[in-house]
Amino acid sequence: MPPPTPLRRTPVQQRSAERLARILDACAGLLDEAGYDELSTRAVAIRADVPIGSVYRFFSNKRAMVDALAQRNLERYAERVRERLGALPADDWRGAMDAILDEYLAMKRTAPGFSLVDFGTQIPVGAPDADPNHRVADTLTDLLAPHLGRTPDPTLRRTFLVAVESADALVRLAFRLDPAGDGPIIEETRALLRAYLARVLD
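Visitor: Can you help me understand the nonpolar core in this one?
Guide: The nonpolar side chains of a soluble globular protein tend to be buried with one another. Counting 38 residues, the largest nonpolar core has Tyr77, Leu144 and Leu201 as its most contacted members. Of all the secondary-structure elements, those providing two or more residues to this core are helix 4 (62–85), helix 5 (93–110), helix 7 (132–148), helix 8 (154–177) and helix 9 (183–201). Looking at this core, the element that brings in the most residues is helix 8, giving nine residues. Residues contacting Tyr77, with those up to four places away along its chain left out, are Ile100, Glu103, Tyr104, Met107, Phe119 and Leu140. In terms of nonpolar packing, the next biggest core, distinct from the first, is built from 25 residues, Leu39, Ala48, Val55 and Ala70 among them.

Visitor: Would you mind going over the pattern of salt bridges with me for this structure?
Guide: Oppositely charged side chains can pair when the atoms bearing their charge come close. Across all of its chains, the model carries 14 salt bridges by this definition. Salt-bridge contacts for Glu103 lead to Arg80; the nearest nitrogen and oxygen are separated by 2.7 Å. Placement of the pair is Glu103 in helix 5 and Arg80 in helix 4, with a sequence separation of 23 residues. Its relative accessible area of 10% is what places Glu103 among the buried residues. Within this structure, Asp98, Asp102, Glu187, Arg190 and Arg194 form a network of salt bridges that share partners.

Visitor: Would you take a moment to explain the packing of aromatic side chains for this structure?
Guide: The way to describe two aromatic rings as a pair is by their centre distance and the angle between their planes. Under the criterion given, the structure shown has six aromatic pairs. Judged by centre distance (5.5 Å) and plane angle (65 degrees), the ring pair of Tyr104 and Phe114 falls under edge-to-face. Placement of Tyr104 in helix 5 and of Phe114 in helix 6 (residues 114–117) is noted, with a sequence separation of 10 residues between them. The exposure classification of Tyr104 matches that of Phe114, with both residues buried. Judged by centre distance (5.8 Å) and plane angle (50 degrees), the rings of Tyr104 and Phe119 are tilted. Taken together, the residues Tyr104 in helix 5 and Phe119 in the loop between helix 6 and helix 7 connect sequence positions 15 residues apart. One aromatic cluster is present, built from ring pairs that chain together Tyr77, Tyr104, Phe114 and Phe119. The ring of Tyr36 is capped by Lys62, whose NZ or CZ atom sits 4.4 Å from the centre of that ring. Taking the ring centre of Phe175 as reference, the NZ or CZ of Lys108 above it sits at 5.4 Å.

Parameters at a glance
Residues numbered from 1 in each chain as written. Predicted model: local features only at pLDDT ≥ 70, side-chain atom pairs only at ≥ 80, totals over all residues. Heavy atoms only, no water. Core = buried A, V, L, I, M, F, W, Y, C linked by side-chain atoms within 4.5 Å. Buried < 20%, exposed > 50% of the residue type's maximum accessible area, 1.4 Å probe, protein only. Helix = DSSP H or I, 4+ residues; strand = E, 2+ residues; numbered from the N terminus. Contact = heavy atoms within 4.5 Å. Salt bridge = Lys/Arg side-chain N within 4 Å of Asp/Glu carboxyl O. Phe/Tyr/Trp six-rings, centres within 6.5 Å; stacked < 30°, edge-to-face > 60°. Lys NZ or Arg CZ within 6 Å of the ring centre and 35° of its normal.

In structure tokens form, the structure reads like this:
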């Protein structure tokens with residue numbers, strides 16, 4: 001089930017959509033520079049070169065703005081994974097898992113604001129019932145099941161949820177040890193995922 005939208009108003013015109021994109025881009029850049037505590041709607045409006053009223057037209061507060069950034073991150077991640085899956089043989093689940101992990105690492109290293117927000121898991125004031133890893137697991141299940149010729153049943157969803165939760169914890173460890181992501185820990189993560197998923201996908 002998709003999360004409720006953090007937007008007060010969904011843009012219907014291209015100009016409005018472009019303004020929303022500028023606001024979220026500004027939010028991401030400011031998160032990298034100053035962190036969540038120093039983020040403000042006014043600073044975002046200045047960086048995005050929009051009136052403060054434009055920010056409040058979309059968001060009630062900075063928490064909603066960061067939630068929207070996390071949601072956009074997940075949508076962009078899913079699109080990148082979908083493109084990678086399109087170039088892989090349908091039965092190559094190991095290649096699919098590599099693509100999923102590699103795309104996440106690429107966004108972690110390069111996407112503005114992603115290292116703090118990703119899909120919502122590290123928002124300092126995130127609601128405890130937001131369950132971003134459940135949304136990630138459901139998104140990946142829906143992408144992978146047709147690619148692998150599998151039924152997205154409760155067993156497969158649970159399997160991917162465990163994989164996502166495990167990988168999330170280990171990738172966080174890798175980036176605590178090294179700002180670029182500790183290579184050996186990442187390879188251990190890859191090996192763990194392959195060993196665990198082989199029970200279900202082989």
